[in-house]
Number of protein chains: 2
Amino acid sequence: MARTPALDLVLLITVLLGEDMRRGLAAMGLTETRSHVLWLVGTTGPATQQQLAVETGLAPRSVTSVVDALVGSGLVERRPHPTDRRAVHVTPTPAGADLVAALVAGHERLADQLFGDLDDGAYAATHAALADVAARLQVLVAEEGS
Amino acid sequence: MARTPALDLVLLITVLLGEDMRRGLAAMGLTETRSHVLWLVGTTGPATQQQLAVETGLAPRSVTSVVDALVGSGLVERRPHPTDRRAVHVTPTPAGADLVAALVAGHERLADQLFGDLDDGAYAATHAALADVAARLQVLVAEEGS
DNA sequence: ACCTCATCGTGAGTGTGACTCACGGATAGG
DNA sequence: CCTATCCGTGAGTCACACTCACGATGAGGT
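Here the structure is a predicted model, which is why all the values come from computation and not from measurement. Counting starts from 1 at the beginning of each chain's written sequence and moves along it residue by residue. By the order in which they are written, chains take letters starting at A while ligands take numbers starting at 1. Thresholds applied to this predicted model are a pLDDT of at least 70 for local features of residues and 80 or more for the giving and counting of side-chain atom pairs; totals over whole chains, interfaces and linings are not thresholded and use all residues. Where side-chain values are given, they derive from all heavy atoms of the structure, hydrogens and water being excluded.

**Q** How should I be thinking about the protein's contact with DNA strand D in this particular structure?
**A** Around DNA strand D, a shell composed of 19 residues is seen, among which Gln50 of chain A together with Thr31, Thr33, Ser62 and Arg85 of chain B lie nearest. For this description, a residue counts as near a given molecule or strand if any of its non-hydrogen atoms is within 4 Å of it. Within 4 Å of the protein, the atoms of DNA strand D are drawn from sugar and phosphate moieties in a proportion of 69%. Two N or O atoms count as a polar contact when they lie within 3.5 Å, although within protein this holds only if one can serve as hydrogen donor and the other as acceptor, and sequence-adjacent residues are included solely when both atoms are side-chain atoms. In the environment of DNA strand D, a phosphate oxygen lies 3.4 Å from a nitrogen or oxygen atom belonging to the side chain of Arg34 of chain B. At a separation of 3.5 Å, a sugar or linking oxygen of DNA strand D approaches a polar side-chain atom of Arg86 of chain B. Numbering of helices and strands starts at the N terminus; helices are DSSP runs of H or I of at least 4 residues and strands are runs of E of at least 2. Listed by contribution, the elements that provide at least two residues to the surface near DNA strand D are α3 (49-56) and α4 (60-72) of chain A together with α2 (32-43) and α4 (60-72) of chain B.

Here's what the structure looks like:
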C-alpha cells in the first residue's frame, strides 16, 4: 500500500508550520536565524560566537553579522569574555531576555493549541507516532551521511 | 500536562526533512523553488508563468527568473501559448520529464523508508495523527489571517 | 473600427542572508 | 620568545526574492 499520503501530510505540516513561525517571528522583528541565536544565548546562557557558529551550523563570519543585527536591535550585548581575551561573550540584554521569554511562551501556547484538547491517551499516541517518524528520519539522515 | 515535547518533535522533523530534501535536490542541481516549479509543470501539465506565480506564491517577476534557470538547465522550454500570444507555455523537455519522474520516485521511496515497515493498522494510526495535526494547524493559520 | 483598460512577461535596480578569503589581535606550546 | 593556532571582522561575492516601470497583447464598450 502506498505510504505517500502520510509523507504528504508531513510535508504540509512542514510548510504550514514554517510559514506560521516566520510570520510570528517577523511580527517581533526577528528572522529564523536571529531568533535561533537569541534563543541559544537566552536559554543556555552567554556564548562565544564560535560556539554559536557550531550550534547553529552557520559560518563564523555569518554569526558576526547575525550578532551585529541583534546588537542593533538592542537584544544582545558583546561583553568581554571572562577568560579568553580573543573571544566575545554574547549576552542577552534585559529586552532580549524578555523577548526570549515571549518566544518560550509562544512556543508553549502553540503546543497547547495544537495538542491541548487531546486527552492523555490520544496525546501519548500522537507523541509516539511523531517520535517514530523522527527516529526513522534520523536513521535515514545518518545513513546518507555515511 | 505540557504538550511541548510533541511540538518539539514536529519541529525536529521539519528541520531534518528540510535539510534532507535540500541536499537531495542539490544533488540533482535543483533548489526547492526550482523543483517546485518543475514539479508543477511536470505533474499538472504546461502552465503560464502567471499560473505558476499563483500556485507557488512567488512574485510573477521571480517566476521569470526561475524559469530562466530551468531553461538554462535544459529542463523546461518556453513555448508559445496556443491561444494567448502574450503568455508563455512552460513545458518540460524530455530531460525535465525524466527528472520529474525521478523526483516522484524519490518521493515514494522516502515515504516507504519512513512508513514502509508499519503494518496497516499502525500506518493508519500514524496517518490519522498527522492529519489531525495538519488540520489543527490549518485552523490556526486561518484564524491568524482573520 | 477604435479607445481604454487590464493582463503577461521582462529589464533594471534593490535588499537580505548566506558564503569565502585575507588579516589583525590574542593564546598556547615548544 | 617564536611559531602555530584560534577568535572575530573587513571586503567582496553569490543566490534568490522583491518592487517599479514598460512594451506587447488581449478584451470590452461605444
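There's plenty left to go through after this.
**Q** Would you mind showing me how to read the relation of the copies chain B and chain A here?
**A** Two chain copies here: they are related by a rotation about an axis and a translation along the same axis. For this overlay, a least-squares fit was computed on C-alpha atoms, restricted to residues scoring pLDDT of at least 70 in both copies. Aligned on chain A, chain B shows an RMSD of 0.1 Å; the corresponding rotation is 180° and the shift along the axis is 0.0 Å. Such a combination of turn and shift is consistent with a two-fold rotation axis. Rotation axis and chain B: the residue whose C-alpha lies nearest the axis is Thr14 of chain B, separated from it by 2.6 Å. Contact definition: two residues touch when any of their heavy atoms are within 4.5 Å. A high fraction, 98%, of the interface residues of chain B reappear at the interface in chain A, so the copies pair face to face through one surface.

**Q** Explain the pattern of salt bridges here, please?
**A** All names here are of chain A. For this document, the term salt bridge refers to a Lys or Arg side-chain nitrogen within 4 Å of an Asp or Glu carboxyl oxygen. Per the counting criterion, the structure on display carries 14 salt bridges over all chains. Across the salt bridge formed by Glu32 and Arg22, the nearest N and O atoms sit 2.8 Å from each other. Linking Glu32 in helix α2 (residues 32-43) with Arg22 in helix α1 (residues 4-27), this pair joins segments that are ten residues apart in sequence. What makes Arg22 partly exposed here is its relative accessible area of 42%. Here's how the labels work: a residue is buried when its accessible area is under 20% of the maximum for its type, exposed when over 50%, partly exposed in between, all with a 1.4 Å probe on protein chains only.

**Q** What's the story with the side chain of His81 of chain B in this structure? I'm lost.
**A** Residue and element names in this part refer to chain B. Its place among the elements puts His81 in the loop between β1 (76-80) and β2 (88-92). The buried category is assigned to His81, whose relative accessible area is 19%. From its side chain, His81 meets the backbone nitrogen of Asp84 in a polar contact 3.1 Å long.

**Q** Would you mind showing me how to read the packing of α2 of chain A against α4 of chain A here?
**A** Helix-helix packing is described using two parameters, namely the angle between the two axes and the distance between the axes. All names here are of chain A. Only the stretch in contact is used when a helix axis is fitted, and all axes are lines through C-alpha atoms; the angle between N-to-C directions ranges over 0 to 180 degrees. The interhelical angle for the contact between α2 and α4, taken along N-to-C directions, is 80°, at an axis separation of 10 Å. Between α2 and α4, the angle falls in the class roughly perpendicular. Within the contact between the two elements, α2 uses Thr33, Arg34, Val37 and Leu38 and α4 uses Val66, Ala69 and Leu70. Broken down by class, the residue content of the contact of α2 with α4 amounts to five nonpolar, one polar and one charged. Any angle that falls under 35 degrees is termed roughly parallel, while one over 145 is termed roughly antiparallel, one within 65 to 115 roughly perpendicular, and all others oblique. Only Asp, Glu, Lys and Arg are considered charged, only Ala, Val, Leu, Ile, Met, Phe, Trp, Tyr, Cys and Pro nonpolar, and every remaining residue, Gly among them, polar.

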